[in-house]
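The residues making up each chain are set out below.
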Amino acid sequence: MHRGVYPDPHEHPDGFGFLRSWLTDDEATCGDRQHQLRLFLSRSFGTDPESGGDSVLLDLLEPTEEFAGAVRTAVSCHRFTDELCRTRPQFTPDRISPDRITELLLERWGVRRTDADLHALDRGFSSFADAVEAARPYYPLVRLTPRT
């Protein structure tokens, strides 16, 4: 039990109907109650990309090579997008079709559209629409770079 949020799975095996809205079809039928509860806890936590800036967890990540690589990638994407805006005045990230960004995210995440909101929660977004908006400045470079 997690502080009374859900019942003890051993005492109340059928008391988990509330989980269904937090799970994809595959996750709901997997039969692993502990896995389902972990997904529920992480997805219902209520974080968003802006709330992590002062996080202790972020402080722990900063000295890692993975974090430095992510920062370099983000900086490169922003530079590329800024250069596109400078050399092509008709281009702005706001004009990129949300459908194109949606297609890219679904492909990269390997998920169905019906499950996209749940997978966005797994990645710290409050919704898939928020993930699409956050991806705008990164889309031009990511779309042009082959996946390795």
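Thresholds, definitions, all that
Residues numbered from 1 in each chain as written. Predicted model: local features only at pLDDT ≥ 70, side-chain atom pairs only at ≥ 80, totals over all residues. Heavy atoms only, no water. Phe/Tyr/Trp six-rings, centres within 6.5 Å; stacked < 30°, edge-to-face > 60°. Helix = DSSP H or I, 4+ residues; strand = E, 2+ residues; numbered from the N terminus. Lys NZ or Arg CZ within 6 Å of the ring centre and 35° of its normal. Buried < 20%, exposed > 50% of the residue type's maximum accessible area, 1.4 Å probe, protein only. Contact = heavy atoms within 4.5 Å. Salt bridge = Lys/Arg side-chain N within 4 Å of Asp/Glu carboxyl O.

Caption draft 1: Spotlight on the packing of aromatic side chains. What the rule picks out here adds up to one aromatic pair. Relative to F128, the ring of W109 has its centre 5.7 Å away and its plane inclined at 80°; by these criteria the two rings are edge-to-face. Here W109, found in helix α5 (residues 98-109), pairs with F128, found in helix α7 (residues 128-135); they are 19 residues apart in sequence, far enough to count as distant. The lysine or arginine in question, R123, covers the ring of W109, its NZ or CZ lying 4.1 Å from the ring centre.

Caption draft 2: Molecular detail of the side chain of T24. Within the fold, T24 resides in the segment before α1 (25-28). Here T24 falls in the buried class, since its relative accessible area comes to 4%. In contact with T24, not counting residues within four places along its chain, are R43, D115, L118 and H119.

Caption draft 3: A look at the pattern of salt bridges. Counted by the stated rule, this structure contains five salt bridges. Among the ionic pairs, D115 bridges to R112, the shortest N-O distance being 3.0 Å. Assessed through its relative accessible area of 8%, D115 is described here as buried. With relative accessibility at 42%, the residue R112 sits in the partly exposed group. The partner of R136 in a salt bridge is E133, and the shortest N-O contact between them spans 2.9 Å. Here R136 falls in the buried class, since its relative accessible area comes to 7%. Via salt bridges that share partners, D26, R112 and D115 belong to a single interconnected network.

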